[in-house]
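Coordinate analysis (summary)
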Amino acid sequence: MSEFRDELDRIVDQINARGHASILARDPADHQIMERIIANYWADAMRTALGANITSIRSNPKPYDAPDCFAMYNGKELSIEVTELVDSNILAKIDKARKVGRNLTSSRELFDDAQWTAERLRNEIEARLNKKNARYSSKGESFDVLVIYTAENWLSPKIIETTLAKSHFAIGDAFKSAYLLSEYYPGYAEHWPLFTPYVTI
């Protein structure tokens, strides 16, 4: 019980320390645990929303190589890469303020920065798609799935849904499909909201 409590306290400390989009905050040393958690949430949403039975999710045995995870789907192995959509400028402001003894967590100073528009969301999705594609296609690498996950405080599933309905994204050669996975949103769905800005699988 003591070990469980210590681990719980460690996770809570990491969440509190981040101060923004915090529910998925983890120590960098735990990156494979977080990648597996995201891949499992994605698989659960795929099963519930689309009837796709994705199983046997496991981390890459080479922890610093791509893809992040592997899974099985219809007898075929899937390669899964995950990446976070988070406002790095807000995280930087929180960190800078903390270094001089100020606490910006839940501050009104950051409220406007944390709001999302359709244009901003499109730009952020495109930036992540382009960055991942450039990184891997330049090395001749390709994978089955890219999962972009987000726990942005003010990015609701409705904003995502309406934005993607009016948007088109090119992904290049590095991935066969891409999904946007949002933090669980009460009343929207029984699973983490799942969106498909680009799917060919």
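Described in the following lines is the structure provided in the data block. On a predicted model such as this, the values are computed, not experimentally measured, just so you know.

A word on the pattern of salt bridges. One pass over the full model with this rule turns up 11 salt bridges. Of the charged contacts in the structure, one is a salt bridge between Arg120 and Asp87, with a shortest N-O distance of 2.2 Å. Of the two residues, Arg120 is situated in helix H4 (residues 118-137) and Asp87 in the loop between strand E3 (76-84) and helix H3 (88-99); the sequence distance between them amounts to 33 residues. Asp87 matches Arg120 in its accessibility class, with the two residues each being buried. Between Lys158 and Glu161 there is a salt bridge; the shortest N-O distance is 3.6 Å. Taken together, the positions of Lys158 and Glu161, both in helix H5 (residues 157-165) and three residues apart, correspond to about one turn of that helix. Among the charged side chains, a network of salt bridges with common partners joins Lys76, Asp144 and Lys176.

Further remarks concern H4. Between its terminal C-alpha atoms H4 stretches 28 Å, which fits the 28 Å expected from 20 residues at 1.5 Å a residue. Where H4 is concerned, the buried positions are Arg120, Leu121, Ile125, Arg128, Leu129, Lys132, Asn133 and Tyr136. Close packing links the buried residues of H4 with E3, strand E4 (143-150), H5 and strand E5 (175-182).

Attention shifts here to the nonpolar core. Counting 24 residues, the largest nonpolar core has Ile38, Trp42, Ile54, Ile80, Val147 and Leu181 as the members making the most contacts within it. When residues of this core are traced back to their parent elements, those giving at least two are helix H2 (31-50), strand E1 (54-59), strand E2 (69-73), E3, E4 and E5. No other element matches H2, which puts seven residues into this core. Those residues in contact with Ile54 that lie beyond four places of it in its chain are Trp42, Ala43, Met46, Arg47, Ala71, Met72, Tyr73 and Leu78.

With that out of the way, let us pick up the packing of H4 against H5. Contact geometry of H4 with H5 gives a least axis separation of 10 Å together with a crossing angle of 75°. In this view, H4 runs roughly perpendicular relative to H5, as classed from their interaxial angle. Note on element contacts: H5 touches H4 through Ile159, Ile160, Thr163 and Leu164, opposite Ala118, Leu121, Arg122 and Ile125. Residues of the contact of H4 with H5, tallied by class, amount to six nonpolar, one polar and one charged.

So, on to the packing of aromatic side chains. Under the criterion given, the structure shown has five aromatic pairs. Relative to Phe175, the ring of Phe143 has its centre 6.0 Å away and its plane inclined at 45°; by these criteria the two rings are tilted. Remark: Phe175 occurs in strand E5 and Phe143 occurs in strand E4; sequence separation between them is 32 residues. Both residues of the pair, Phe143 and Phe175, belong to the buried class.

If you check H3, its first and last C-alpha atoms are 17 Å apart, about what 12 residues at 1.5 Å a residue would give, namely 16 Å. For H3, the full list of buried residues reads Ile90, Ile94 and Ala97. All buried residues of H3 project into a common sector of 70° when viewed along the axis, lining one side. Set apart from the buried face of H3 by more than 90 degrees, the exposed residues are Ser88, Asn89, Lys96 and Lys99. Put simply, Asp87 is the residue that caps the front of H3, since its side-chain oxygen is 2.9 Å from the backbone nitrogen of Asn89. Two residues or fewer past H3, Gly101 is found with a positive phi of approximately 85°.

The rules behind the values
- Residues numbered from 1 in each chain as written.
- Predicted model: local features only at pLDDT ≥ 70, side-chain atom pairs only at ≥ 80, totals over all residues.
- Heavy atoms only, no water.
- Salt bridge = Lys/Arg side-chain N within 4 Å of Asp/Glu carboxyl O.
- Helix = DSSP H or I, 4+ residues; strand = E, 2+ residues; numbered from the N terminus.
- Buried < 20%, exposed > 50% of the residue type's maximum accessible area, 1.4 Å probe, protein only.
- Expected span 1.5 Å × (residues − 1).
- Contact = heavy atoms within 4.5 Å.
- Core = buried A, V, L, I, M, F, W, Y, C linked by side-chain atoms within 4.5 Å.
- Axes fitted to C-alpha atoms, helices over the stretch in contact; angles between N-to-C directions.
- Parallel < 35°, antiparallel > 145°, perpendicular 65-115°, else oblique.
- Nonpolar A, V, L, I, M, F, W, Y, C, P; charged D, E, K, R; others polar.
- Phe/Tyr/Trp six-rings, centres within 6.5 Å; stacked < 30°, edge-to-face > 60°.
- Arc of directions from axis to C-beta.
- Polar contact = N/O pair within 3.5 Å; in protein donor to acceptor, adjacent residues only side chain to side chain.

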